[in-house]
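One-letter residues, chain by chain:
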Amino acid sequence: MSNESLNNYLFTAKYRPKKLDDIVLLDRIRNEFIGGDIKQNYIFLGPAGCGKTSLAKILANDTTYLYINVSDESSVDVIRTKISEFCLSMPIVSSSTNMKVVILDEMDGASDQFYKALRGTIEKFTENANIRFIGTCNYINKIPDPIQDRFMCINFVPATKKEEYELLNKYAYHIIKICKELNIVITKDAIIEFVKKNFPSMRSMISKLQTFYDKGIKNISIDDIKILNYSFVDVFDLIFNNTNPIVNYKVIVSQYADKVDDVLYSLGIDLPNYIKDNYPNMVNKIPQIIIEVANYQSQRYQVIDPIISLLACVFKIQKIINSH
């Protein structure tokens with residue numbers, strides 16, 4: 001592909017895995033699906049960008065499948081008019097197997113009514129050997145136990161230090177391979193920093209590689225990596241540099257209303273590192289900030305509109321950093 005073509009191409013689309021051999025997975029997960037078999041219903045859980053949806057689609061590729069983004073379609077009617085009818089219908093287009101698969105992407109974004117209807121639907125078709133359900137989620141605690149019990153839950157997050165080391169190395173080799181294709185030179189310390197800071201989101205890593213490529217940076221050093229360390233650096237910059245509450249309100253509501261959980265997570269995990277790198281004189285405020293973020297993460301499940309929790313958390317952090 002020419003440089004001109006690459007400049008008009010999203011790297012996350014270009015490097016999206018098309019088959020099982022393409023996707024970077026822990027050995028324990030890959031071993032579960034050797035041969036491409038879908039033995040039972042699965043929920044793939046883990047942070048955004050770690051390959052959950054890609055794996056679901058790859059497994060379903062040789063079947064007749066229905067894809068539902070549950071965050072967008074979580075009404076009971078979706079169960080009745082789409083999922084049930086799909087399970088009952090005869091396939092229009094033949095596939096290499098007789099299996100039918102329902103992919104429930106972002107399954108943790110469903111309503112209580114959706115879960116109740118889904119439970120009954122899974123029960124209805126559970127004895128059909130040709131129908132499988134694959135769900136994905138970032139936050140398994142948001143999925144009721146009776147639903148979880150009907151799936152095998154596979155966690156994409158490393159469970160041990162050994163698994164973490166395994167996956168970090170696989171990610172590093174994959175990024176190095178992409179860099180070679182792009183004629184990008186990345187130093188050893190830079191690749192280590194790059195992978196660790198964006199782990200375990202492969203999508204984030206590839207997206208940031210495109211940022212380097214689009215800027216014409218073909219030799220990446222560790223100093224270049226530090227500029228792009230954080231997924232929500234815009235929110236962090238806003239917290240520290242913009243004291244106008246009206247502007248902050250508009251930005252957060254317009255750009256992050258559908259990312260509340262991810263931003264709250266990042267405020268607890270990434271913001272302390274951002275402070276250490278950019279505002280070392282405020283390191284003593286990190287404990288108080290983390291305590292407040294934990295409070296708002298807990299409250300997030302008790303408010304009518306979750307964006308209110310995020311707004312309150314941002315304003316509280318600003319109050320902490322501006323206190324003397």
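Computed from a prediction, not measured in an experiment: that's the story for all the values here.

### Describing the pattern of salt bridges
When their charged atoms lie close together, side chains carrying opposite charge are able to pair.
Logical step 1: With the rule as written, the count across this model stands at 10 salt bridges.
Logical step 2: Among the ionic pairs, Lys 170 bridges to Asp 27, the shortest N-O distance being 2.6 Å. Of this pair, Lys 170 sits in helix H8 (residues 161-181) while Asp 27 sits in helix H3 (residues 27-32), and the two are 143 residues apart along the sequence.
Logical step 3: Given the relative accessible area of 25%, Lys 170 is considered partly exposed.
Logical step 4: Residue class for Asp 27 comes out partly exposed when judged on its relative accessible area of 39%.

### Regarding the pairing of strand S4 (residues 131-137)
Logical step 1: Judged by how many residues are buried, S4 sits mostly within the fold: 7 of 7 residues are covered.
Logical step 2: Every second residue of S4 is oriented toward a common face, with Ile 131, Phe 133, Gly 135 and Cys 137 on one face and Arg 132, Ile 134 and Thr 136 on the other, all of them buried.
Logical step 3: Where strand S1 (residues 42-45) and S4 come together, 4 bridges link them in parallel fashion. Following the sheet pairing, Ile 43 is matched in S4 by Gly 135.

### Topic: the sheet that holds S1
Logical step 1: The strand order S2-S3-S4-S1-S5 describes an open sheet built from 5 strands, whose pairing is parallel. Each edge of the open sheet is held by one strand with a lone partner, namely strand S2 (64-69) and strand S5 (152-155). Direction aside, neighbouring strands of the sheet carry axes that sit 15° apart on average.
Logical step 2: Against the sheet, helix H6 (residues 112-125) engages strand S3 (100-105) and S4, with an angle of about 150° to S4.

### Points about the packing of helix H15 (residues 271-278) against helix H16 (residues 286-299)
Logical step 1: In the contact formed by H15 and H16, the axes pass within 10 Å of each other and the chain directions differ by 160°. Overall, the two elements H15 and H16 adopt an arrangement that is roughly antiparallel. Between H15 and H16 the crossing geometry is right-handed. Every residue of H16 that contacts H15 at Leu 271, Pro 272, Ile 275 and Lys 276 is listed here: Ile 286, Ile 289 and Ile 290.
Logical step 2: In terms of residue class, the contact of H15 with H16 is built from 6 nonpolar, no polar and 1 charged.

### Details of the packing of aromatic side chains
Logical step 1: Per the stated rule, a full pass over the model turns up 12 aromatic pairs.
Logical step 2: Plain terms: the ring middles of Phe 33 and Phe 44 are 5.8 Å apart, the flat faces sit at 80° to each other, and that makes the pair edge-to-face. Remark: Phe 44 occurs in strand S1 and Phe 33 occurs in the loop between H3 and S1; sequence separation between them is 11 residues.
Logical step 3: Pairing Tyr 274 with Tyr 279 gives two aromatic rings, centres 6.1 Å apart and planes at 45°, and the pair type is tilted.
Logical step 4: An aromatic cluster is present here, built from Phe 33, Tyr 42, Phe 44 and Phe 156 joined pairwise through their rings.

### Some details on the packing of helix H13 (residues 245-256) against helix H17 (residues 306-321)
Logical step 1: Between H13 and H17, the shortest axis-to-axis distance is 10 Å and the interhelical angle comes to 140°. Relative to H17, H13 is oriented oblique. By crossing handedness, the relation of H13 to H17 is classed as right-handed. Contacts between H13 and H17 involve Pro 245, Asn 248, Tyr 249, Ile 252, Val 253 and Tyr 256 from the former and Ile 307, Leu 310, Leu 311, Val 314, Phe 315 and Gln 318 from the latter.
Logical step 2: Considering only residue class, the contact of H13 with H17 consists of 10 nonpolar, 2 polar and no charged.

### Concerning unusual backbone geometry
Logical step 1: Of note, the bond from Phe 199 into Pro 200 is cis; its omega dihedral lies within 30 degrees of zero at 5°.
Logical step 2: Here Pro 200 is to be found in the loop between helix H9 (188-198) and helix H10 (202-214).
Logical step 3: In this structure, Glu 106 takes a positive phi of about 55° despite not being glycine.
Logical step 4: Relative to the assigned elements, Glu 106 resides in the loop between S3 and H6.
Logical step 5: The class of Glu 106 is partly exposed, set by a relative accessible area of 35%.

About the thresholds
Residues numbered from 1 in each chain as written. Predicted model: local features only at pLDDT ≥ 70, side-chain atom pairs only at ≥ 80, totals over all residues. Heavy atoms only, no water. Salt bridge = Lys/Arg side-chain N within 4 Å of Asp/Glu carboxyl O. Helix = DSSP H or I, 4+ residues; strand = E, 2+ residues; numbered from the N terminus. Buried < 20%, exposed > 50% of the residue type's maximum accessible area, 1.4 Å probe, protein only. Pairing = 2+ DSSP bridges. Axes fitted to C-alpha atoms, helices over the stretch in contact; angles between N-to-C directions. Contact = heavy atoms within 4.5 Å. Parallel < 35°, antiparallel > 145°, perpendicular 65-115°, else oblique. Left-handed = near helix turned anticlockwise from the far one by under 90°. Nonpolar A, V, L, I, M, F, W, Y, C, P; charged D, E, K, R; others polar. Phe/Tyr/Trp six-rings, centres within 6.5 Å; stacked < 30°, edge-to-face > 60°.

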